[in-house]
Amino acid sequence: MKCIFCEAEIEADDNFCWQCGEYTSKGYAFLKDKSNVNLIINGAAIKQNDRFSILITLLCLVIFAFMGMTYLRGQDLFKPIVYLKKQIINYIYGYNTSIIKTDNKYNRINVNSYEEAIEFIKKDFQEQSYMCYSNLELSTLEYEMQNNYSIPSVIFCDISLTEAQKIKDVVDKMYALFPNIKGALTNIAITNAATNSEYIARFQPMYQFVNINDDIENYNKVNKTQILLNSYYFLNENMLSKPISDIVGENWYVNDATWESTVAHEIGHYISFVIFLKEHNLQNITYVNKSNYELINTLMKEFDNGEFSKNIINEALINYNQKYYTNLDLFSYAATISNYASTKDDEGNLIADETIAEAIHDYYLHGYSMKSSSYEIINVIKRKLE
Amino acid sequence: MKICYNCKHDVRDSDIYCRTCGCLLQKNSHYIMINVCIIFVVLCILGLIALFVASYLVE
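Given the structure is predicted, the values throughout are model-derived calculations rather than measurements.

A. Here's a closer look at the overall build of chain A. When helices and strands are counted, chain A shows 16 helices and 5 strands. In terms of overall size, chain A is more extended than a compact globule, its C-alpha atoms giving a radius of gyration of 34 Å where 386 residues would be expected to give roughly 21 Å. Dimensions of chain A along its principal axes, counting C-alpha atoms only, are 125 × 50 × 40 Å. Across the 386 residues of chain A, 48% fall into the buried class. At a minimum sequence separation of 6, the contacts of chain A that also span at least 24 residues come to 65%. With the model as given, the accessible surface of chain A reaches about 19,500 Å², and the carbon-plus-sulfur share is 51%. Distance between charge centres in chain A, computed from 33 positive and 48 negative side chains, equals 4 Å.

Okay, here's the thing in structure tokens:
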């Protein structure tokens, strides 16, 4: 017997052709016979590939459930995943780390004004903020700092409220002592340093952020000027509960230094940078376009070689030697402030940036009771900031 | 000889369609894959529900 559609050999009792799947005459008769209804419903002579339908239905259900949940919870839906990730990373490292990435880089982005550059900097952290524990009071602190000091992005993330408040107090006092320094700092953020004890806090005058490798003829660039707080210290209560001198050694920083006062030291670096920009008629280096690209590159090289800071120290040293009838050299003068203030580079030259930062640190901690050497540096700085 | 997944009747190894119910005969691996996918999707649904509930519990 042959199938009428494909002419394959079939058996007399087949309902369907084994080759083309079409009904045979017997199969057609079987389907037409009303007494076979129950048999057909139970799967005889009918195609019931149930599992595949179930799979498709379940897939649709997953998609709609995911869309619904995302609509209801937004990015908060992923908080449990972030929480688990944090726990795993913290377990691996053995201490609390920051989930926030401060080293993102973006390419081929159209940024056409300073305002757009600032918005981009804000957006980078806003997109990550859902990964931080929700704390309204902490968010308020961040907002106040952003608002009061024109810092586009402040992100403490998982720093405790108490610690964040202490840091804010430092920043508040520094901006009160030096009111003319607004406008160049773009970020204060918690971060993971390359090695856990690399630094406690760090000032980065220029972090190339957007369109780093793109041609300036095609894309404008964005730089961040930021103060970074090392998570190894600021997220770990067991570290913060120890005196800072236990970690860095006695007399490394100026007397009475605390974990939070190191932020004043970093703002000290920032103040040098602001003075440097001011002397070159620049307010910031955030937005880079064709017209200021070369200038900013040249200036940053000049700032990095330390000559500018050394000139400030030299000026202060001359005043100091005249006032106190001494004849100190640059290094001995810096050493009167703190050990950190007198650190040298690999070639044995004084790192004048650190001397200025430590003098400002001293001013922050002791006001006009600071060391006479710091006082002379502060005088020069204040005059240059006017 | 093998068995039709749909009607459980015996079919020959060379058959493309079941002679009794007309169902397209697939390899065993096809059915195994669908079953595994169903288990995976069910786990996804359970995971999503757990994630949704946990998102209210984690600060």
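The discussion continues.
B. Examining the side chain of Arg 19 of chain B more closely. Tracing the chain through its elements places Arg 19 of chain B in the loop between strand 2 (10–11) and helix 1 (28–57). For Arg 19 of chain B, a relative accessible area of 10% puts it in the buried group. If near-sequence neighbours (up to four positions away) are discounted, Arg 19 of chain B is found in contact with Glu 9, Ile 10, Glu 11, Asp 14, Asn 15, Phe 16 and Trp 18 of chain A together with Val 11 and Arg 12 of chain B.

C. Examining a nonpolar patch on the surface more closely. There is a patch of nonpolar side chains on the surface, built from Ile 39, Val 42, Leu 43, Leu 46, Ile 49, Val 53, Tyr 56 and Leu 57 of chain B and spanning about 800 Å² of accessible area. Within the fold, Tyr 56 of chain B resides in helix 1.

D. Expanded view of the state of the cysteines. Residues and elements named next belong to chain A. Under the definition given, this model contains 1 disulfide over all chains. Between the sulfur atoms of Cys 132 and its disulfide mate Cys 157 the distance is 2.1 Å. Residues Cys 132 and Cys 157 share a disulfide whose torsion about the S-S bond is about -105 degrees; that sign makes it left-handed. Of this pair, Cys 132 sits in the loop between helix 5 (114–126) and helix 6 (136–149) while Cys 157 sits in the loop between strand 1 (153–155) and helix 7 (161–177), placing them 25 residues apart in sequence. Each member of the pair, Cys 132 as well as Cys 157, carries the same accessibility label: buried.

E. Spatial organisation of the packing of helix 11 (residues 261–279) of chain A against helix 15 (residues 352–366) of chain A. Residue and element names in this part refer to chain A. Viewed as axis vectors pointing N to C, helix 11 and helix 15 meet at an angle of 125 degrees, and their least axial separation amounts to 8 Å. The pairing of helix 11 with helix 15 is recorded here as oblique in orientation. Our pair here, helix 11 against helix 15, has a crossing hand that is right-handed. The residues of helix 15 that touch helix 11, namely those facing Ser 261, Thr 262, Ala 264, His 265, Gly 268, His 269, Ile 271 and Ser 272, are Asp 353, Glu 354, Ile 356, Ala 357, Glu 358, Ile 360, His 361, Tyr 364 and Leu 365. Partitioned by chemical class, the residues of the contact of helix 11 with helix 15 number 7 nonpolar, 7 polar and 3 charged.

F. Representation of the interface of chain A and chain B. Facing 38 residues of chain A, the contacting portion of chain B comprises 31 residues. Summed over both sides, the interface between chain A and chain B buries roughly 3,000 Å², with carbon and sulfur atoms accounting for 69% of that surface. Counting the surface chain A buries against chain B, the share from its top three residues, Trp 18, Arg 51 and Arg 73 of chain A, is 21%. For the pair chain A and chain B, the number of links is 2 salt bridges. A salt bridge links Glu 11 of chain A to Arg 12 of chain B, with the shortest nitrogen-to-oxygen separation between them at 3.0 Å. Counting every contact that joins chain A to chain B gives 8 residue pairs in polar contact (both at pLDDT 80 or more). Secondary-structure elements contributing two or more residues to the side of chain A that touches chain B are helix 3 (50–73) and helix 4 (79–93) of chain A. Here the side of chain A that touches chain B takes 13 residues from helix 3 of chain A, the largest share from any one element.

G. Representation of the pairing of strand 2 (residues 187–191) of chain A in the model. Residues and elements named next belong to chain A. Of all 5 residues that make up strand 2, 5 are buried, and the element is covered over most of its length. Judged from the 3 bridges that link them, strand 1 and strand 2 form a sheet pairing that is parallel. The partner of Val 154 across the bridge, within strand 2, is Ile 188. This β-α-β element, strand 1 to helix 7 to strand 2, shows left-handed connectivity. Alignment of strand 2 against strand 4 (residues 221–230), held across 5 bridges, turns out to be parallel. Paired with Ile 188 across the bridge in strand 4 is Ile 227.

H. Summary view of the pattern of salt bridges. Inspection of the entire model under this criterion finds 13 salt bridges over all chains. The partner of Arg 19 of chain B in a salt bridge is Asp 14 of chain A, with the nearest N and O atoms 2.7 Å apart. Of this pair, Arg 19 of chain B sits in the loop between strand 2 and helix 1 while Asp 14 of chain A sits in the segment before helix 1 (25–32), which puts the two residues in different chains. Classification of Asp 14 of chain A as buried rests on a relative accessible area of 5%. One salt-bridge network, held together by shared partners, links Asp 14 of chain A together with Asp 15 and Arg 19 of chain B.

I. Region of the structure containing the nonpolar core. With 92 residues, the main nonpolar core has Phe 156, Phe 178, Ile 188, Leu 229, Phe 234, Ile 271 and Ile 381 of chain A as its most contacted residues. No other element matches helix 11 of chain A, which puts 10 residues into this core. Those residues within four positions of Phe 234 of chain A in sequence are excluded, and the remaining contacts are Ile 159, Glu 163, Ile 167, Ile 190, Ile 200, Leu 229, Leu 240, Trp 259 and Thr 262 of chain A. By size, the runner-up hydrophobic cluster in this structure holds 12 residues, among which are Leu 55 of chain A together with Ile 45, Leu 48 and Leu 51 of chain B.

J. Representation of the confidence of the model for chain B. Mean pLDDT over chain B stands at 89; residues scoring 70 or higher make up 100%. Note on the complex model: pTM 0.80, ipTM 0.85.

K. Spotlight on the environment of Asn 319 of chain A. Residues and elements named next belong to chain A. Of note, Asn 319 is situated in helix 13 (residues 307–324). The spatial distance from the C-alpha of Asn 319 to the C-alpha of Ser 150 is 34 Å, given a sequence separation of 169 residues. In this view, Asn 319 contacts Glu 376 and Val 380; residues no more than four positions away in its chain are not counted.

Definitions and cut-offs
Residues numbered from 1 in each chain as written. Chains lettered and ligands numbered in written order. Predicted model: local features only at pLDDT ≥ 70, side-chain atom pairs only at ≥ 80, totals over all residues. Heavy atoms only, no water. Helix = DSSP H or I, 4+ residues; strand = E, 2+ residues; numbered from the N terminus. Rg over C-alpha atoms; globule rule 2.2 N^0.38 Å. Buried < 20%, exposed > 50% of the residue type's maximum accessible area, 1.4 Å probe, protein only. Contact = heavy atoms within 4.5 Å. Areas by Shrake-Rupley, 256 points an atom, 1.4 Å probe, with all protein chains shown as cover. Lys, Arg positive; Asp, Glu negative; His and termini not counted. Charge placed at Lys NZ, Arg CZ, Asp CG, Glu CD. Patch = residues over 30% accessible without salt bridge, like charges linked within 9 Å, V, L, I, M, F, W, Y side chains within 5 Å. Salt bridge = Lys/Arg side-chain N within 4 Å of Asp/Glu carboxyl O. Disulfide = S-S within 2.5 Å. Axes fitted to C-alpha atoms, helices over the stretch in contact; angles between N-to-C directions. Parallel < 35°, antiparallel > 145°, perpendicular 65-115°, else oblique. Left-handed = near helix turned anticlockwise from the far one by under 90°. Nonpolar A, V, L, I, M, F, W, Y, C, P; charged D, E, K, R; others polar. Buried area = accessible area lost by both parts, 1.4 Å probe. Polar contact = N/O pair within 3.5 Å; in protein donor to acceptor, adjacent residues only side chain to side chain. Pairing = 2+ DSSP bridges. Right-handed = clockwise from strand over helix to strand, strands pointing away. Core = buried A, V, L, I, M, F, W, Y, C linked by side-chain atoms within 4.5 Å. pLDDT = per-residue confidence, 0-100.

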